[in-house]
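Each chain, written out:
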Amino acid sequence: VSHRRLRRRPHSMAMLLLLPASAALLPGVSRSAPAFAAHSAVSRANLFLQQTDRAGTNVNPPFAGPRGTPLLDAVRSPSDMKGLTLQELKQLAYELRWETINAVSKTGGHLGSSLGVVELTVALHYVFNAPADPIIWDVSHQVYPHKILTGRRDRMHTLRQAGGLSGFAKRSESEYDCFGAGHSTTSISAALGMAVAHDLRGMKRNSVAIIGDGAITGGMAYEAMNNAAYLNSRVIVVYNDNGQVSLPTGTPSAGGTAPAGSLSAYTSRLIASRPFQDVRDIAKRINKLFPTTIQQTNAKLDEFARGMMTGGTLFEELGFLYIGPVDGHDLDNLVPILENIRDRGGDKPVLLHIKTEKGYGYPPAEAASDKYHGVPKFEVSTGKKLSSPSKTPSYTSVFADQLIDIAAEDRSVVAITAAMPGGTGIDKFGRRFPKRTFDVGIAEQHAVTFAAGLAVEGIKPFCAIYSTFLQRAYDQVVHDCAIQKIPVRFILDRAGLVGNDGPTHHGSFDLAYLGCIPNLVICAPSDEIELKRMTQTVYEIDNLPSVLRYPRGSALGLDVLNDLLGYELTEMPAKVEAVPIGKGRVLRSADSDKEATSRIAILSIGTRLAPAMHAARALTRRDSTIGVTVADARFMKPLDSDLVSKLAREHDVLITVEEGSIGGFGDHVLHFLALNGFLDDGKLKVRPMVLPDTYIEAAGQHEQYEEAGLTERFIEATALKLLGKQKVPA
């Protein structure tokens, strides 16, 4: 049964080739040998009657994959795929899809995007000669099938764990990961650079970038495409169009619930107006790139009837040969089309437009609004997620709820997100105020300046962007907001260590890269009550841009707030007041330690305050001669100089604690102390505790705090060391 037939009969069972483990290939037997023909016959004999989808999967639970994976077992590297037939490649894709599902079910991770590119991954590694032909994955959260095919299958159980495989492409992990990623819209530029390097060295190689419809909303993609045609580069761009621009796509906003941006609508029109192209259609187009004599030889090809019926495309105007749309799950056409592109003549860059479905082949993912983009551990047979709900709200939801309360009383309040409504809480805001919600796609630069334009006209924009992603709009923060004192409110979610996504997603640097900019107010709440207060605070700031940063994860909860931080609450307050700008607070005073002969001050900014309070308790329990003050700075800019001066004058030791890199809050405090002579007599010992000057790899958040030395025991040990009483733990 052809794949073309399967498209018309979505419940055909012909694609379900369940292979028993006993039919696995013997070691050393070629997949093209007669033994493999017998093996395929056994496979066909084991077909059983059940309703399946196009990917060969049960459409109703329990969901299960093949009984064995003989083809996948024989693939140690992409070179092992080269002798497979198209039918065998389809079976390999089926086995690979379920290997990916089973692996992610045990670790959690980015499942939906990986399932959407299984056939594409198989086709790319079959057609091209990686790693000599570099394959660059944009964002690279979809690389799990790629990792399995490139020698890392036996380590997939370590995915996103401490000491394990990265959840993204990582150059140090494999030669097949030729360019690392984690952020978006970098692939075409990197592929172009590699293609030009090949030209300079006289090497005949292919350079392939895979970019999705989310990543291609970023301006850097068009900068690269504009340059590619100008350079006459043979770069190949595979545009993976799955209709999932934002996370999740479908959040109510000023643009409706459709994927963010006009480009997605444009490519949807292309797909609606043109049937999927097959290899015969595309061979005729590519034929035009060869010399005239070869074109004449190939004149027997069918007359080109599709592809250009609606005139030139945006991509062709940028100088690319546009090919598509093509069914990205149809290996019968995808493989020969890629072979034609590989073997084309000339130097014109090519863009292959494929249509895929995120979460393809696993019904729970296909049915979910986020297509199982990022999932915890789950039960394969049902798709049930195994994470237990937190007893306390996330900092993200605390912010979103407070912003909704503010917006309910002020119609000038709007929210902006760069394709991350779910991660920033703006999806919640959008459900309440869709016309005041703006998802700009993965376009942080535009988001910032768009917010500045709104603010100039009296609107109060809250621009919610992950800390790590605001790095992409640094000039806009300086040039378009700070210099002009335009009151954009920057809400930096995921500030600090983020856990399993690792170094590309840590919000490590914002205090350092923003702290050096004049005309910014920068604050960081220590708990959820302070987050509500500071959301109110930045709302009320109308003369300067402001920054509110907070971490990923759950808030402290009422019990901890009351016991550790001195609140006396029976429930979360519905109404809060703004905090005084540039003023911190003291939560615990060394004056209460009556037997103290040594006085230590711990000055924290952000949510490291709770570990600081625990450390203070541990210190005083350990030695009654130690008096400990714990203060919450609240603001990095403006710095509470009165509080810092008081702590410096009245204590022997001053320790600053922050969840940020060198160059941040601690450096601002040290700078103030040095300029004001507090360090001149050598009596005050000062130590900043910051993230180490290295990239912290994927692990659980608590594991990362331990590695960074920012937990209670490290704070306690640092204080004892400065008093000459203990070494800091290794």
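Analysis parameters
Residues numbered from 1 in each chain as written. Predicted model: local features only at pLDDT ≥ 70, side-chain atom pairs only at ≥ 80, totals over all residues. Heavy atoms only, no water. Helix = DSSP H or I, 4+ residues; strand = E, 2+ residues; numbered from the N terminus. Expected span 1.5 Å × (residues − 1). Buried < 20%, exposed > 50% of the residue type's maximum accessible area, 1.4 Å probe, protein only. Polar contact = N/O pair within 3.5 Å; in protein donor to acceptor, adjacent residues only side chain to side chain. Pairing = 2+ DSSP bridges. Axes fitted to C-alpha atoms, helices over the stretch in contact; angles between N-to-C directions. Contact = heavy atoms within 4.5 Å. Phe/Tyr/Trp six-rings, centres within 6.5 Å; stacked < 30°, edge-to-face > 60°. Lys NZ or Arg CZ within 6 Å of the ring centre and 35° of its normal. Core = buried A, V, L, I, M, F, W, Y, C linked by side-chain atoms within 4.5 Å. Arc of directions from axis to C-beta. Parallel < 35°, antiparallel > 145°, perpendicular 65-115°, else oblique. Left-handed = near helix turned anticlockwise from the far one by under 90°. Nonpolar A, V, L, I, M, F, W, Y, C, P; charged D, E, K, R; others polar. pLDDT = per-residue confidence, 0-100.

Novice: I keep staring at helix 14 (residues 331–342) and nothing clicks. Help me out?
Specialist: Since there are 3.6 residues in each turn of an α-helix, residues three or four apart along the chain are aligned in direction. With 12 residues, helix 14 extends 16 Å from end C-alpha to end C-alpha; this agrees with the ideal 16 Å at 1.5 Å per step. Those residues of helix 14 lying buried are Leu331, Asn333, Leu334, Val335, Pro336, Ile337, Leu338 and Ile341. Of the residues flanking the start of helix 14, the one acting as N-cap is Asp330, its side-chain oxygen 3.1 Å from the backbone nitrogen of Asp332.

Novice: How should the sheet that holds strand 12 (residues 585–588) be read in this particular structure?
Specialist: Sheet strands associate in pairs through backbone hydrogen bonding, adopting either a parallel or an antiparallel arrangement. Here we have 5 strands laid out as an open sheet, ordered 12-14-13-16-17, and mixed in their pairing. Two strands in the sheet have a free side with no partner beyond their single neighbour: strand 12 and strand 17 (685–689). Strand-to-strand twist across the sheet, computed as the mean angle between neighbouring axes with direction ignored, equals 20 degrees. By the bridge criterion, 5 bridges tie strand 13 (residues 598–604) to strand 16 (residues 653–657) in an arrangement that is parallel. Considered in strand 16, the bridge of Ile600 is made with Val653. Packing against the sheet, helix 26 (residues 641–650) makes contact with strand 12, strand 13, strand 14 (626–632) and strand 16, and its axis sits at approximately 155 degrees to strand 13. Together, strand 13, strand 16 and strand 17 form the strand contacts of helix 27 (residues 665–675), whose direction differs from that of strand 16 by roughly 145 degrees.

Novice: Honestly, the packing of aromatic side chains in this entry has me stumped. Any pointers?
Specialist: Two aromatic rings are characterised by how far apart their centres lie and by the angle between their planes. Across all of its chains, the model carries 14 aromatic pairs by this definition. With a centroid separation of 6.1 Å and 75 degrees between ring planes, the pair formed by Tyr372 and Phe378 is classed as edge-to-face. Accessibility expressed as a relative area gives 3% for Phe378, which makes it buried. Connected via pairs of aromatic rings, a cluster forms that spans Phe63, Trp98, Tyr362, Tyr372 and Phe378. A cation over an aromatic ring shows up here: Lys385 above the ring of Tyr372, its NZ or CZ 4.9 Å from the ring centre.

Novice: Help me understand the nonpolar core in this model?
Specialist: Met81, Leu89, Leu92, Leu111, Leu124, Leu352 and Tyr362 are the most contacted members of the largest nonpolar core, which has 61 residues in total. Broken down by element, this core gets its largest block of residues, 9 residues, from helix 4 (residues 86–107). Those residues in contact with Leu92 that lie beyond four places of it in its chain are Leu71, Leu72, Val75, Met81, Leu84 and Val122.

Novice: How should I be thinking about helix 27 in this particular structure?
Specialist: Buried residues of helix 27: Phe665, Gly666, Val669, Phe672 and Leu673, and no others. On an axial view of helix 27, the arc spanned by its buried residues comes to 125 degrees, and they lie on one face. In helix 27, the exposed positions angled more than 90 degrees off the buried face are occupied by His671 and Leu675. At its buried positions, helix 27 is contacted by strand 13, strand 15 (635–637), helix 26, strand 16 and strand 17. Just downstream of helix 27, Gly677 is the residue with a positive phi angle, here 80 degrees.

Novice: I keep staring at the packing of helix 16 (residues 395–409) against helix 23 (residues 528–540) and nothing clicks. Help me out?
Specialist: Helix packing for two helices is described by the angle between their axes and how far apart those axes are. The geometry of helix 16 relative to helix 23 is characterised by a closest axis approach of 9 Å and an angle of 40 degrees between their N-to-C directions. Judged by the angle between their axes, helix 16 and helix 23 are oblique. Between helix 16 and helix 23 lies a crossing whose hand is right-handed. Within the contact between the two elements, helix 16 uses Tyr395, Val398, Phe399, Gln402, Leu403 and Ile406 and helix 23 uses Glu528, Leu531, Lys532, Thr535, Gln536 and Tyr539. Split into classes, the residues belonging to the contact of helix 16 with helix 23 amount to 7 nonpolar, 3 polar and 2 charged.

Novice: Any chance you could explain the confidence of the model for the protein here in plain terms?
Specialist: One rule of thumb: low pLDDT means the predicted coordinates there are not for detailed reading. Looking at the protein as a whole, its pLDDT mean stands at 87, while 83% of the residues score no less than 70. This stretch, residues 1–51, has a pLDDT under 50; its non-local contacts, to residues over four places away or in other chains, come to 96 contacts. Segment residues 293–312 is flagged for pLDDT under 50; beyond a separation of four residues in sequence, or across chains, it makes 32 contacts in the model.

Novice: For this particular structure, what's the right way to read the environment of Met534?
Specialist: Structurally, Met534 can be placed in helix 23. We classify Met534 as buried; its relative accessible area is 0%. Sequence separation between Met534 and Ala578 is 44 residues, and the spatial gap between their C-alpha atoms is 6.1 Å. Once you skip the residues sitting within four places of it in the chain, Met534 turns out to touch Cys523, Ala524, Pro525, Leu548, Val579 and Arg634.

Novice: Is there a simple way to explain the environment of Leu710 in this structure?
Specialist: Along the chain, the position of Leu710 falls in the loop between helix 28 (701–708) and helix 29 (712–722). Here Leu710 falls in the buried class, since its relative accessible area comes to 0%. Residues contacting Leu710, with those up to four places away along its chain left out, are Arg608, Pro611, Val657, Glu658, Glu659, Met689, Val690, Leu691, Tyr705 and Ile715.

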